[in-house]
Amino acid sequence: MKALHFGAGNIGRGFIGKLLAESDAEVTFADANTQLVDQLNHSQEYHVRVVGDTQHTDVIRHIAAVQANSDDVISQIVKADIITTAVGPQVLAKIAATIAKGLQLRFEQGNHTPVNIIACENMVRGTSQLKQAVLAELPQQYHDLLEQYVGFVDSAVDRIVPPAAANDEDPLAVTVESFSEWIVDKNQFKGDIPPVQGMELTDNLLAYVERKLFTLNTGHIVTAYLGKLAGYKTIREAIADEAIQNTVRQAMQQSGEVLVNRYGFDRQLHHAYIEKILTRFANPYLVDEIDRVGRQPLRKLGAEDRLVKPLLGTLEYGLPNDALLKGIAAALHYRNADDPQAVELQGWIEQEGVEAALLRATGLKADEPCVATIVAEYQRMAQ
Ligand SMILES: NC(=O)c1ccc[n+]([C@@H]2O[C@H](COP(=O)([O-])OP(=O)(O)OC[C@H]3O[C@@H](n4cnc5c(N)ncnc54)[C@H](O)[C@@H]3O)[C@@H](O)[C@H]2O)c1
Ligand SMILES: O=P(O)(O)OC[C@@H](O)[C@@H](O)[C@H](O)[C@H](O)CO
């Protein structure tokens, strides 16, 4: 099995590339970072340190890398059996043109074996969005072949993988938590389902994506933004603060009630899922910076993302939402001079005021009563 994985970063090396390589796939990473591509090609292997109740290190061998956007990546697309991505939601549209070019050449060369594409990003139905972007780049005459031979498979991906500390001796090493979950929509494959160990199949993907994004990622972001306000540097420090932990638990329970209503999840089991997540945030072996989890606040505040989508659910079902509102208010305080979206958000607040910035970032309507509550919470937090 030939696997091409876009994005040799934390999740690429620490989770998806690892699973593919451990399933005996010939793994080629495609990345925009030339130094990373060179290092991967030079060593052809890297270490993954798995930390939790016990620790061990796995060696991932026989891997190669190509520069994204090069002729090499096009040749890899021509012959791949599976293509995966972990590049970040904002980069998916950028790699669509490359994927379209590769698929066009694949069809022109008469390769009609099925290929499956799986985006492993924190977004709802990210692969379906990638498919639309690929179709927009692919000449119309190939669209039927794409529908026939290319599976676009949505997925939910969960493993906390912070960037490894700089280590000149072992620059490719990654440290990952022992928990991991990769769930894919079994109905979207074309041809045989690739035999990847650790890739779980479901026919109820949306429930799993929302469970993950609106529980773990909701709790994570509330931890990050409240932690930043309180002056902490890491998620572990922030979640050890009892007041923060209480609000984070409450936020996950409030988004959880939406999930229970929408998908019929068992409430007890969902509460156990939340408690397990809290222990994952407190993992003493992971150094996960608040600024990694808080990155790109405009994306995080988007109407489909981890704060506002659950909030809209609480409004739909008439459920409590005060902890989610606190999380949104804290997001509006997020400052990081190295994060262009954080700088942009603060610019909006300075120029237009907090309410206008909130409406612009979230798409909430001005007459929605929770808007005034968020603004009041924002002012209270500023004191
Ligand atoms: N790290 C985690 O804990 C985690 C867990 C689950 C899901 N995710 C999701 O996985 C995705 C990647 O996150 P990450 O933490 O691994 O980020 P990362 O920044 O470590 O990795 C992204 C990689 O993509 C590469 N890249 C950027 N532009 C590219 C392009 N045009 N073509 C090819 N490669 C390109 C970067 O050079 C980098 O190596 C995100 O969507 C994230 O939400 C992350
Ligand atoms: O990757 P983001 O920016 O969407 O979210 C930051 C973290 O919450 C995220 O990367 C988690 O670590 C991950 O989703 C755990 O599975």
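Since this is a predicted model, take the numbers as computed values, not measurements. (Residues numbered from 1 in each chain as written. Chains lettered and ligands numbered in written order. Predicted model: local features only at pLDDT ≥ 70, side-chain atom pairs only at ≥ 80, totals over all residues. Heavy atoms only, no water.)

Trainee: Mind showing me how you'd approach the UniProt feature "binding site: NAD(+)" (unreviewed entry) in the protein chain here?
Mentor: The feature "binding site: NAD(+)" (unreviewed entry), as annotated in UniProt, sits at Ala3, Leu4, His5, Phe6, Gly7, Ala8, Gly9, Asn10, Ile11, Gly12, Arg13 and Gly14 in this numbering. Following the sequence through the fold, Leu4 ends up in strand E1 (residues 2-6). Residue classification places Leu4 among the buried positions, given a relative accessible area of 0%. Discounting residues that sit within four places of it in the chain, Leu4 has contacts with Thr28, Ala30, Val73, Gln76, Ile77, Ala80, Ile82, Ile83 and Thr84. Within the secondary structure, His5 sits in strand E1. The class of His5 is buried, set by a relative accessible area of 0%. In contact with His5, not counting residues within four places along its chain, are Gly12, Ile16, Thr28, Phe29, Ala30, Thr84, Thr85 and Ala86. There is a polar contact of 2.9 Å between the side chain of His5 and the backbone oxygen of Gly7. (UniProt positions renumbered as here; feature names shortened; annotations may be inferred. Helix = DSSP H or I, 4+ residues; strand = E, 2+ residues; numbered from the N terminus. Buried < 20%, exposed > 50% of the residue type's maximum accessible area, 1.4 Å probe, protein only. Contact = heavy atoms within 4.5 Å. Polar contact = N/O pair within 3.5 Å; in protein donor to acceptor, adjacent residues only side chain to side chain.)

Trainee: Looking at this model, I keep getting lost on the sheet that holds strand E4 (residues 55-60). Mind explaining?
Mentor: Hydrogen bonding along the main chain pairs the strands of a sheet, whether they run parallel or antiparallel. Strand order in the open sheet formed by three strands is E4-E3-E10, and the pairing between neighbours is mixed. Of all the strands in the sheet, the pair left with one neighbour each is E4 and strand E10 (174-177). Pairwise comparison of adjacent strand axes, ignoring direction, gives a mean angle of 25° for this sheet. For strand E3 (residues 46-51) and E10, the ladder comprises four bridges, and the chain directions are parallel. Looking at the pairing, Val48 lines up with Val174 of E10. (Pairing = 2+ DSSP bridges. Axes fitted to C-alpha atoms, helices over the stretch in contact; angles between N-to-C directions.)

Trainee: Please clarify how the site of ligand 2 should be interpreted in this entry.
Mentor: Near ligand 2 there are 15 residues, and of these Asp158, Lys212, His220, Arg292 and Arg299 occur at the shortest range. Arg292 places a polar side-chain atom, nitrogen or oxygen, 2.7 Å from an oxygen atom of ligand 2. Bound to the protein, ligand 2 loses 94% of the 400 Å² it would expose on its own. Sorting the residues of the shell around ligand 2 by element identifies strand E9 (155-158), helix H7 (205-229), helix H11 (290-293) and helix H12 (297-300) as the ones contributing at least two each. It is H7 that provides the largest number of residues to the shell around ligand 2, a total of four residues. (Near = heavy atom within 4 Å. Areas by Shrake-Rupley, 256 points an atom, 1.4 Å probe, with all protein chains shown as cover.)

Trainee: Explanation requested: the site of ligand 1 in the structure shown.
Mentor: Taken together, 26 residues sit near ligand 1, with Asn10, Ile11, Asp31, Glu121 and Val161 positioned nearest. Arg295 is positioned with one of its side-chain polar atoms (N or O) 3.4 Å from an oxygen atom of ligand 1. Look at ligand 1: alone it shows 820 Å² of surface, and the protein chains cover 83% of it. If you list the elements that add at least two residues to the shell around ligand 1, you get helix H1 (10-22), strand E2 (26-31) and helix H4 (89-108).

Trainee: Quick question: what am I supposed to make of the packing of aromatic side chains here?
Mentor: Ring pairs (aromatic) are described by centroid distance and by the angle formed between their planes. Across all of its chains, the model carries four aromatic pairs by this definition. Note on Tyr225 and Tyr334: the rings are 5.0 Å apart at their centroids and 50° apart in plane angle, and the pair reads as tilted. Residue Tyr225 is located in helix H7, and its partner Tyr334 is located in the loop between helix H14 (322-332) and helix H15 (340-352); the two are separated by 109 residues in the primary sequence. Here Tyr225 and Tyr334 have matching classes, each one buried. Between the NZ or CZ atom of Arg211 and the centre of the ring of Tyr273, over which it lies, the distance is 4.2 Å. Of note, Arg360 hangs over the ring of Trp348, and the distance from its end group to the ring centre comes to 4.0 Å. (Phe/Tyr/Trp six-rings, centres within 6.5 Å; stacked < 30°, edge-to-face > 60°. Lys NZ or Arg CZ within 6 Å of the ring centre and 35° of its normal.)

Trainee: Mind showing me how you'd approach helix H5 (residues 126-137) here?
Mentor: An α-helical turn contains 3.6 residues, so a residue and the one three or four places further along point in the same direction. With twelve residues, H5 extends 17 Å from end C-alpha to end C-alpha; this agrees with the ideal 16 Å at 1.5 Å per step. Those residues of H5 not exposed but buried are Gly126, Thr127, Leu130, Lys131, Ala133, Val134 and Leu135. If you follow the buried residues of H5, they end up packed against strand E6 (82-85), H4, strand E7 (115-119), helix H6 (143-149), strand E8 (150-153) and E9. (Expected span 1.5 Å × (residues − 1).)

Trainee: Hey, could you run me through the sheet that holds strand E12 (residues 199-202) in this one?
Mentor: Taken in spatial order, the three strands make up an open sheet running E9-E11-E12, and their pairing is mixed. The open sheet has two edge strands, E9 and E12, and neither has a second partner. Across this sheet, the average inter-strand angle for adjacent strands is 20°, counted without regard to direction. Of the strand pairs in this sheet, strand E11 (residues 181-185) and E12 are connected by four bridges, and their pairing is parallel. Directly across from Asp185, in E12, lies its bridge partner Thr202.

Trainee: Would you take a moment to explain H1 for this structure?
Mentor: Between its first and last C-alpha atoms H1 spans 17 Å; for 13 residues at 1.5 Å apiece the expected length is 18 Å, and the two agree. The sharpest bend along H1 reaches about 35° and sits at Ile16. Of all 13 residues making up H1, eleven are buried, and the element is well covered by its neighbours. Those residues of H1 lying buried are Ile11, Gly12, Arg13, Gly14, Phe15, Ile16, Gly17, Lys18, Leu19, Leu20 and Ala21. Of the residues trailing H1, Asp24 is marked for its positive phi of about 70°. (Bend = angle between axes of the 7 residues up to and from the residue.)

Trainee: Teacher, can you tell me more about the pairing of E1 here?
Mentor: Looking along a regular strand, one sees side chains alternate from face to face of the sheet. With respect to burial, E1 is a largely interior element, four of its five residues being buried. One ladder, built from five bridges, connects E1 with E2; its direction is parallel. When the bridges of E2 are listed, Ala3 appears paired with Val27. This β-α-β element, E1 to H1 to E2, shows right-handed connectivity. (Right-handed = clockwise from strand over helix to strand, strands pointing away.)

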